[in-house]
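Examining the three-dimensional arrangement
For reference, the chains in residue letters:
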Amino acid sequence: MATVTTSSPATLQPCTHTSRHGVARYCPSPLPWRRRWSYGRMTTRATASSHGQPSATGGWVEAPAGDAAAAGEEGDSIRRLQNGPDVRGVALEGEKGRPVDLTPLAVELIAESFREWLREELQRPAGEELRVSVGRDPRLSGARLSAALFAGLARAGCSVFDMGLATTPACFMSTTLPRFNYDASIMILLQMTASHLPYTRNGLKFFTKRGGLTSGDVEDICDRAARKYVARKMGFGVGGMPPVVMRVDLMSAYAQHLRDIIKQRVAHPAHYDTPLKGFKVVVNAGNGCGGFFTWDVLEKLGADTTGSLHLEPDGTFPNHMPNPEDATAMSLTRDAVLANGADLGVVFDTDVDRSGVVDGTGAAINGDKLIALMSAIVLDEHPGTTVVTDARASDGLTRFIASRGGHHCLYRVGYRNVIDKGVQLNTDGVETHLMMETTGHGALKENYFLDDGAYMVVKIVIEMVRMKLAGLEGGVGSLIMDLEEPAESVLLRMNILGEPKYAKQRGTMAVEAFKEYIQEDKLSGWVLDDCGDCSVGEGCLVDTNDHPNDVDAYMYRAKLYNENKRPLGMVHVRQSVHNPNIALNMQSYVPGGCKYMAMDLHKRFLLASGVNDFVDISEVEKFVK
């Protein structure tokens, strides 16, 4: 390789039902299961041999049926790499029972197909140059997959720009910052929303100037790549010149962009260029890509970052998973904040599209607390705005947002779903400035609807300084002191048994069975959750416009009431967006309620319905016993 150094979000139908209290809209929900798997024909079109030009053969190429069938099955493995709006797979050996499927060849063909899709999306002529940037997190397989991306993009006729180690939000910003202004960007990463995911995994995330791609877009790209894979296996579409890749320093420009925002919005009366002078901020980057925020943002603005943790990138993540949901990450950050007398602690995930914070008292602020903190800040700036979250958020958060004059729209789990719902609401005239998932993914209207963990921290840092200048005591944690939390909160997972390719269908069956058991009154005391006139089965949970979002995972929320018709707690049952399992999120309003709800579901649903025949319920059984 020669190296030279130098979204259209789907529009959804607006939520037309509000609660009888005027507080919440509840919107996660089921559409008929729709997948557009296309397994192709026994014949295959030869792919381009170089720079997007047709091969000499051209046309349809007949292949021996046995060879084509085998190649077709392997091509389907590329289709299965699609994971919602991302591509995910095993990139390194080392997982028992999980062969490597995110291979360099698969990535190369996905890159070629992305360019093909991008040209059609932007309506560019076949020969016109497209400029694509590539970044990666520190995972061990990143360099090898980068080389495959470079080769595929260059073969398809793109100009390729290597950003090296970068954050996911910076990748998107490379399409908007004036010095770069690329047509698209690809980030090589694996979202750390589940702390148990091993370092052997990796993935791809795609951006255009409109934002992140949708699940349907990525499905289209993987389908194209699968067809190219079949052709490549049959000996067609091979060749091309080694790629020429331009190396660029995007992270410095992105850090300056964040610094300028802090300086301009704080507008410190005494020291404009160093508004964080006198503040101590501890950063825990978890050996991901977040160390830049310490050196190139906080310190250059005057902050003391003594006590910061794990700033150097290390793809083995030797200290803990870089995850703001991880108890170890938050605990270590809390200890560092207290030991150094810091005003704030920050925890980033691997690629810095998620974050969590610790206030000066050592209180962890993540999950609902982080959404509440951001809601308080945004509602002060935009009174009456709507906040969109996923449906795992608590009733206490809904009351918190309402108490500050805001509106709470609960929608499907999945950061892309939550963000797209916010985009749609704004399009339809419902002012919506904040969209956040309880995992820490958060996007703001003012920041391109981009889930950017660093930008979220920038907003919190600005509020911290403003409070100090106004003489307010207590720091940012004081803004959420009245947030009501559940008495208990438990997450259990039930693995779906059998072949992975049938996991989606079996997961759908299990979750739909839960809904039907409640509707048929086989689970007395349980009621599908609603927010007044809008129920999870009928109202704004169903997108009824001409181009609805595909349902990437079925999910329902239900409450259990006692004999006095008082709610004991809430259960959210959903297919995992990314893994072959079903997540059972329980929140209890009374001590011991989670165990009671789990026992009831175990006896009267999981066993009685026969769901346990194809779902592993051992984690539920262990919890109740």
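Remember, predicted model here, so these are calculated numbers, not experimental data.

Before going further, it helps to examine the overall build of the chain. On a plain count of helices and strands, the chain comes out with 15 helices and 26 strands. For the chain, the residues scored as buried account for 58% of the 625 residues in total. When the accessible surface of the chain is split by element, carbon and sulfur atoms take 50% of a total near 24100 Å².

A separate point is the nonpolar core. With 75 residues, the main nonpolar core has Tyr 254, Leu 258, Phe 292, Phe 293, Leu 344 and Ile 460 as its most contacted residues. Broken down by element, this core gets its largest block of residues, 11 residues, from helix H12 (residues 453–469). Setting aside chain neighbours within four positions, we find Leu 258 in contact with Phe 292, Phe 293, Val 297, Ala 454, Tyr 455 and Val 458.

The next point concerns the sheet that holds strand S14 (residues 344–348). Pairing is mixed in the open sheet, where 4 strands are placed in the order S13-S14-S15-S16. Here the strands that pair on one side only, and so sit at the sheet edges, are strand S13 (281–284) and strand S16 (364–365). Contacts from helix H8 (residues 327–340) reach S13, S14, strand S15 (355–359) and S16, with the element oriented near 155° to S14.

This paragraph deals with the packing of helix H13 (residues 503–519) against helix H14 (residues 593–607). Their axes nearest at 11 Å, the elements H13 and H14 cross at an angle of 105°. It follows that H13 is roughly perpendicular to H14 by the angle criterion. Residues Ala 510, Ala 513, Phe 514 and Tyr 517 of H13 form the contact with H14, whose participating residues are Leu 601, Arg 604 and Phe 605. Across the contact of H13 with H14, the residue classes break down as 6 nonpolar, no polar and 1 charged.

Attention now moves to unusual backbone geometry. Its identity as a non-glycine residue notwithstanding, Asp 521 has a phi of 60°, on the positive side. The residue Asp 521 is located in the loop between H13 and strand S23 (526–528) in this model. Of note, Lys 565 is a non-glycine position whose phi angle comes to about 65°, a positive value.

Before going further, it helps to spend a moment on helix H7 (residues 291–298). A large share of H7 lies buried, amounting to 6 of its 8 residues. The complete set of buried residues in H7 reads Gly 291, Phe 292, Phe 293, Thr 294, Val 297 and Leu 298. Where H7 is buried, its residues touch helix H6 (250–266), S13, S14 and H12.

Taking 1.5 Å of rise per residue, 17 residues should cover 24 Å, and H6 covers 25 Å from first to last C-alpha, within 8% of that figure. Every buried residue of H6 is listed here: Leu 250, Met 251, Ala 253, Tyr 254, Ala 255, Leu 258, Arg 259, Ile 261, Ile 262, Lys 263 and Val 266. As for H6, its buried residues are in contact with strand S8 (158–165), helix H4 (168–173), H7 and H12. Following H6 by one or two positions, Ala 267 has its phi on the positive side, about 50°.

Note on placement: Lys 501 falls in the loop between strand S22 (488–495) and H13. Counting along the chain gives 79 residues from Lys 501 to Pro 580, while the straight-line C-alpha distance between them is 9.2 Å.

Moving on, we come to the sheet that holds S22. Reading across the sheet, the 5 strands line up as S22-S26-S25-S24-S23 and stay open at both edges, with antiparallel pairing between neighbours. Unpaired on one side and paired on the other, S22 and S23 mark the two borders of the sheet. Ignoring strand direction, the axes of neighbouring strands in this sheet form an average angle of 20°. Alignment of strand S25 (residues 567–575) against strand S26 (residues 581–588), held across 7 bridges, turns out to be antiparallel. Note that in S26 the partner of Val 571 across the bridge is Met 586.

Let us now look at the pairing of S13. Here S13 shows two buried faces, one formed by Val 281 and Val 283 and the other by Val 282 and Asn 284. In the sheet, S13 pairs with S14 via 4 bridges, with the strands oriented parallel. Each residue of the ladder has a partner; that of Asn 284, found in S14, is Val 347.

What follows is about the pattern of salt bridges. Under the defined criterion, the tally for this structure stands at 42 salt bridges. Among the ionic pairs, Asp 220 bridges to Arg 224, the shortest N-O distance being 3.0 Å. You can see Asp 220 and its partner Arg 224 sitting in helix H5 (residues 215–233), 4 residues apart, about one turn around the helix. Looking at Arg 224, the relative accessible area reads 10%, which means it is buried.

Both faces of the sheet carry side chains from a regular strand, because those side chains alternate between them. Most of strand S19 (residues 432–436) sits inside the fold, with 5 of its 5 residues counted as buried. Pairing geometry for strand S17 (residues 386–390) and S19, over 4 bridges, is parallel. Looking across to S19, one finds that Thr 389 is bridged to Met 436. As defined by bridge partners, S19 adjoins strand S20 (residues 442–444) across 3 bridges and the pair is classed as antiparallel. Following the sheet pairing, Met 436 is matched in S20 by Gly 442.

Moving on, we get to the packing of H6 against H12. With their axes 10 Å apart at the nearest point, H6 and H12 run at an angle of 25° to one another. Relative to H12, the element H6 is oriented roughly parallel. For the crossing formed where H6 meets H12, the hand is right-handed. Seen from H6, the contacting residues are Tyr 254, Leu 258, Ile 261, Ile 262, Arg 265 and Val 266; seen from H12, they are Ala 454, Tyr 455, Val 458, Lys 459, Ile 462, Val 465, Arg 466 and Leu 469. The residue makeup of the contact of H6 with H12, split by class, is 11 nonpolar, no polar and 3 charged.

Structurally, Arg 88 is set in strand S6 (residues 86–90). Residue Arg 88 is classed as buried on the basis of its relative accessible area, which comes to 9%. Side-chain polar atoms of Arg 88 contact the side chain of Asp 86, separated by 3.4 Å.

Rules and cut-offs
- Residues numbered from 1 in each chain as written.
- Predicted model: local features only at pLDDT ≥ 70, side-chain atom pairs only at ≥ 80, totals over all residues.
- Heavy atoms only, no water.
- Helix = DSSP H or I, 4+ residues; strand = E, 2+ residues; numbered from the N terminus.
- Buried < 20%, exposed > 50% of the residue type's maximum accessible area, 1.4 Å probe, protein only.
- Areas by Shrake-Rupley, 256 points an atom, 1.4 Å probe, with all protein chains shown as cover.
- Core = buried A, V, L, I, M, F, W, Y, C linked by side-chain atoms within 4.5 Å.
- Contact = heavy atoms within 4.5 Å.
- Pairing = 2+ DSSP bridges.
- Axes fitted to C-alpha atoms, helices over the stretch in contact; angles between N-to-C directions.
- Parallel < 35°, antiparallel > 145°, perpendicular 65-115°, else oblique.
- Nonpolar A, V, L, I, M, F, W, Y, C, P; charged D, E, K, R; others polar.
- Expected span 1.5 Å × (residues − 1).
- Salt bridge = Lys/Arg side-chain N within 4 Å of Asp/Glu carboxyl O.
- Left-handed = near helix turned anticlockwise from the far one by under 90°.
- Polar contact = N/O pair within 3.5 Å; in protein donor to acceptor, adjacent residues only side chain to side chain.

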